[in-house]
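The lines below spell out each chain.
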Amino acid sequence: MGFARACSVALVGVEGVVVEVQADLEPGVAAFTLVGLPDKSLVESRDRVRAAVVNSGAEWPQKKLTVGLSPASVPKSGSGFDLAVACAVLGAAERIDPAAIADVVMIGELGLDGRVRPVRGVLPAVLAAAEAGYRHVVVPEQTAGEAALVPGVSVLGVRSLRQLIAVLGDEPVPDEPAADRGRPDTMLAGLMVPGAGLGTGLAPLSADGAAHRPDLSDVAGQGRARKALEVAAAGGHHLLLSGPPGAGKTMLAERLTAILPPLSRQESLEVTAVHSVAGILPPGEPLISRAPYCAPHHSATMQSLVGGGNGLPRPGAVSLAHRGVLFLDEAPEFSGRALDALRQPLESGHVVVARAAGVVRLPARFLMVLAANPCPCGRHTLAGAGCECPPSAVRRYQARLSGPLLDRVDLRVEVEPVGRADLMGQGGRGESSAEVAVRVREARDRAAERLAGTPWTTNSEVPGHELRTRLVAAPGALMAAERDMERGVLTARGLDRVLRVAWTVADLRAADRPDASDVATALELRTGIQRGVPLRAGAR
């Protein structure tokens, strides 16, 4: 009787569980049994592994073979267990030393010819292995750069099972022919979900890179909206842009990621892990360093926004926009269930999706931007534009954005139509994204220095209790906000959010703490009622 074990990782959402792959050989009729809650694609690994082992020059054991995936209570899915199963079988057959693979985590799919194909979710799988104490991993050659992002882990990228057998047996490593560079690499097909390209709204940037990146200087006029965009980026505040069609709401939202600061190392790993599991990580870019941008269509379902799917839930749009921007264009056209499902992640920064197959916690700390027209035809606020929508239709249309959802939006800006002078450039071009990004970065640095030693990094994350006890505004600064709360204009949550925006406005002008003018600016940005405070883009 022969026995050997190797290790792999089962992904549950964006978190991994180390799985021990055990192979046992016994005398008897030749058979291959796979146990441990495998799904359909994992059950089919029996045929893939057998063909890959034989085509790699190794002998398949003609005995009763049982492969167990432990812990057996955790559902396993995908083809990433193939490499661990093949090595465990070869170890039980004494083709390779069982001790050499006992503490090695192996991730990869096997082709029938023995080539190792890449799979999605390598980064979160290696992170889970490192947290469990494993220090050696074997991954497909195409994903070795992604796995190497995890510190303290030795990564071996292999091109075929034949190469791995030679490495484990201290034999000469055979040369494997590289893919033909004259055509797309078919081995990368397992990393990308079909249709998850630039056309899905996951990145407003062109494939050519920064040369065609949207810039704020392209936006004509809109000084108030530009200032609101700067405040939203500096403090991580949610934003509602309301106005007629063609005023520039979408242009503003698409340029928000350009003024956000680069992601930190920890944030980059979080975003890359989510995109790797979702199958939208661009090949050749193992680490995402810029804030992501996700703009789902208004016909998106609730499951596509918060996460779902058959079996264990998969990341939705709120998770794909983690540490970035979630833009909902034509927000009133989204279904009410889909919009109300955003309430939890807006408050907590994560989403908990419960399905019959299990409960998954997915990261979802994003900056939400809503764009809405004032009425179905969009001309309700335009003088002399001929809006024919009856008042009842206007009320129904505006009521599609529920009060509890709007209460979680910090900034509400009315985007005015662009005048001829601004559109023709007679008023001069506005500030570029680079100029605004410098102020945003300075404001975020001030907030991070003030919040050092706490679990928060931006003003939008600070709880209201801290704002009222430890981070206190200037004396008398909250009088206007307290009056609005007594009149019912502000809720308790609304008052906390006004305080957060006021701190961001103070950070933008390099003040130690917000005063009455900062609070008035925050109230104007939230309620839309002008308070007589100058609100200019780039004002210090």
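The rules behind these values
- Residues numbered from 1 in each chain as written.
- Predicted model: local features only at pLDDT ≥ 70, side-chain atom pairs only at ≥ 80, totals over all residues.
- Heavy atoms only, no water.
- Pairing = 2+ DSSP bridges.
- Helix = DSSP H or I, 4+ residues; strand = E, 2+ residues; numbered from the N terminus.
- Contact = heavy atoms within 4.5 Å.
- Axes fitted to C-alpha atoms, helices over the stretch in contact; angles between N-to-C directions.
- Core = buried A, V, L, I, M, F, W, Y, C linked by side-chain atoms within 4.5 Å.
- Buried < 20%, exposed > 50% of the residue type's maximum accessible area, 1.4 Å probe, protein only.
- pLDDT = per-residue confidence, 0-100.
- Polar contact = N/O pair within 3.5 Å; in protein donor to acceptor, adjacent residues only side chain to side chain.
- Salt bridge = Lys/Arg side-chain N within 4 Å of Asp/Glu carboxyl O.
- Expected span 1.5 Å × (residues − 1).

Participant: I'd like a description of the sheet that holds strand β15 (residues 367-372), backed by residues and values.
Facilitator: On the basis of which strands lie adjacent, the open sheet formed by five strands has the order β11-β12-β15-β10-β16 and parallel pairing. Two strands close off the open sheet at either side, each with one partner strand: β11 (293-294) and β16 (411-414). In the sheet, strand β12 (residues 325-328) pairs with β15 via four bridges, with the strands oriented parallel. Its bridge partner being in β15, F327 is matched across the sheet by V369. Set on the sheet, helix α8 (residues 223-235) makes contact with β10 (239-242), β15 and β16; between it and β16 the angle comes to about 165°.

Participant: Now, about the nonpolar core: what can you tell me, with residues and values included?
Facilitator: Grouped together as the largest cluster of nonpolar side chains are 50 residues, with contacts concentrated most on L239, L256, I259 and V369. For this core, the leading source of residues is α8, giving seven residues. Excluding anything up to four places from it in sequence, V369 contacts L239, L241, A253, L256, V325, L326, F327 and L328. The next biggest cluster of nonpolar side chains, apart from the first, holds 40 residues, and it includes A4, F81, V104 and V158.

Participant: Could you give me a rundown of the confidence of the model for the protein chain, with the residues and numbers involved?
Facilitator: When the pLDDT values of the protein chain are averaged, the result is 87; 89% of them are 70 or greater. Taking the mean pLDDT of every element in the protein chain, the minimum, 70, falls on helix α17 (residues 420-423) and the maximum, 97, on strand β5 (residues 105-106). Counted against residues more than four places away or in other chains, residues 203-211, with its pLDDT under 50, gives 12 contacts.

Participant: Go over the side chain of H350, please, and point to the residues and values.
Facilitator: By the element assignment, H350 lies in strand β13 (residues 350-355). At 3.0 Å, the side chain of H350 and the side chain of R361 are in polar contact. Once residues within four sequence positions are removed from consideration, H350 is found in contact with Q344, P345, R361, L362, P363 and A364.

Participant: Requested: an account of the environment of P292, with residues and values cited.
Facilitator: Among the structural elements, P292 can be located in the loop between α10 (265-278) and β11. P292 sits in the buried class, given a relative accessible area of 7%. Each C-alpha atom of the pair P292 and L326 lies 8.5 Å from the other, and the pair is 34 residues apart in sequence. Not counting residues within four places of it along the chain, the set of residues in contact with P292 comprises T257, V271, H275, L320, A321, H322, R323, G324 and V325.

Participant: Can you explain the pattern of salt bridges? Please cite residues and give values.
Facilitator: All chains considered together, the criterion is met by 28 salt bridges. Where R493 meets D407, a salt bridge forms, and the shortest distance between an N and an O atom there is 3.0 Å. On the criterion of sequence distance, the pair formed by R493 in helix α21 (residues 492-508) and D407 in the loop between α16 (403-406) and β16 is long-range, its members being 86 residues apart. Overall, the relative accessible area of 12% leaves D407 in the buried class. As a salt-bridge pair, E466 and R470 come within 3.0 Å of each other at their nearest N and O atoms. Accessibility expressed as a relative area gives 19% for E466, which makes it buried. Overlapping salt bridges bring together E347, D407, R408, D410, R493, R497 and R526 as one network.

Participant: Can you tell me about α21, naming the residues and giving the values?
Facilitator: The end-to-end C-alpha distance of α21, which contains 17 residues, comes to 25 Å, matching closely the 24 Å that a straight helix rising 1.5 Å per residue would cover. Within α21, 15 of the 17 residues are buried, which leaves the element mostly enclosed by the surrounding structure. Residue A510 follows α21 closely and has a positive phi angle near 60°.

Participant: Run through the pairing of β16, naming residues and quoting values.
Facilitator: Alternating positions in β16 separate cleanly, L411 and V413 being buried on one face and R412 and E414 remaining unburied on the opposite face. Sheet topology places β10 next to β16; four bridges connect them, and they run parallel. When the sheet's bridge partners are listed, L240 is paired in β16 with R412.

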